[in-house]
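Remarks on the overall topology
As a plain string of letters, each chain reads:
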Amino acid sequence: MGGLGSGGHNSKGRRIVEGQYRLDASDLKRRGLCRTGNISHLYWKGSDGAPGPSLKAIGGEDAITLVYSWKRGDGPWQQHEERVALRHHERHFGGCETYFLCPRCACTVKRLYGGGVRYLCRTCHNLVHASTQERPGNRATRKNQKLRRKLGAEIGLGDCIGPKPKGMHRKTFERISEQIHAAEAEVYDDMLVLLNRMQRRTGNHSARISGSQNRGDFWR
Ligand SMILES: [Zn+2]
């Protein structure tokens, strides 16, 4: 058994959702853990591929019980057992969706995170999404690359997008091309924001860059 939740951090030192070990209510349901008496052992891997924490989940209709060991720093291993209530909500189009009630705040959530001794919701662990902390330019760059892959175009900025892939409708090609141009404009604009910020720091206000002139020059 392992400790829980080493996790990743963003540039401001806040722990990010994406770096934490997590429990997904739908996943546990698929494993049959909404049936009383069913037992499943869950294992995680660390970011380096090494074995991470593990736990035993004991199923139930209204609640599952999590059993695991944890330790703080070099302290001794301690056994922890936590009962987590479940809620099942009917879906509009049939079937039902399973949720946890966070053991601390009782809010209804799809996922719990092992960011400490207990598995709790994102809010209780004060976790943030990596994407909410990253620059708009990074998001736009990823979007641009994804769209370019769809067209089989070269991955870059300002490079040729065409020709239209065989079998693709012209309208689709034009729509994706438009989206690529929009994403690239976002990347350039964010780059300008960064450049202006750097210039303000160095006190060179006279050379402030305005607008989107010579956009391609920053990236070639
Ligand atoms: Zn909570």
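Above this text you will find the structure in question.
To keep things clear, this report deals only with the structure shown in the data block.

The rules behind each value
- Residues numbered from 1 in each chain as written.
- Predicted model: local features only at pLDDT ≥ 70, side-chain atom pairs only at ≥ 80, totals over all residues.
- Helix = DSSP H or I, 4+ residues; strand = E, 2+ residues; numbered from the N terminus.
- Buried ≥ 20, exposed ≤ 12 C-beta atoms within 10 Å, placed from the backbone.
- Contact = placed C-beta atoms within 7 Å.
- Pairing = 2+ DSSP bridges.
- Core = buried A, V, L, I, M, F, W, Y, C linked by C-beta atoms within 7 Å.

Remarks on the overall build of the protein
Within the protein, the regular secondary structure consists of 4 helices and 8 strands. Going from N to C terminus, the protein has its helices and strands arranged as β-α-β-β-β-β-β-β-β-α-α-α. Residues counted as buried form 20% of the 220 residues belonging to the protein. Expressed as a percentage of contacts within the protein between residues at least 6 apart in sequence, the contacts between residues at least 24 apart total 46%.

As for the pairing of strand E6 (residues 96-101)
Sheet analysis places strand E5 (residues 78-90) next to E6, joined by 5 bridges and oriented antiparallel. Counterpart to His-88 in the pairing with E6 is Thr-98. Hairpin remark: E5 followed by E6, antiparallel, with 5 residues in the connecting loop; positive phi at Gly-94, about 100°. Here E6 runs beside strand E7 (residues 108-109); their pairing, made up of 2 bridges, is antiparallel.

Section: the nonpolar core
If you look at the biggest cluster of nonpolar residues, it comprises 22 residues, and the most contacted ones within it are Ile-64, Leu-66, Phe-100 and Leu-112. It is strand E4 (residues 63-70) that contributes the most residues to this core, 4 residues altogether. Setting aside anything within four residues of it in sequence, one finds Leu-112 in contact with Arg-22, Leu-23, Val-84, Phe-100, Cys-102, Tyr-119, Leu-120 and Cys-121. Ranked by size, the runner-up nonpolar core spans 5 residues in total, among them Leu-147, Ile-180, Val-187 and Tyr-188.

Quick notes on the environment of Phe-100
Along the chain, Phe-100 falls in strand E6. When residues no more than four places from it in sequence are discounted, the contact partners of Phe-100 are Ala-25, Val-84, Leu-86, Val-109 and Leu-112.

Considering the sheet that holds E5
Taken together, the 6 strands give an open sheet; going across it, the order is E2-E3-E4-E5-E6-E7, and neighbouring strands pair in antiparallel fashion. Only two strands of the sheet have a single partner each, and these edge strands are strand E2 (39-45) and E7. Direction of pairing for E2 relative to strand E3 (residues 51-58): antiparallel, over a ladder of 6 bridges. Paired with Tyr-43 across the bridge in E3 is Ser-54.

Side note on unusual backbone geometry
In this model, Ala-106 sits at a positive phi of 70°, which is unusual for a non-glycine residue. Mapped onto the elements of the fold, Ala-106 is located in the loop between E6 and E7. One non-glycine residue, Asn-126, lies in the positive phi region at around 55°. Mapped onto the elements of the fold, Asn-126 is located in the loop between strand E8 (111-113) and helix H2 (130-133).

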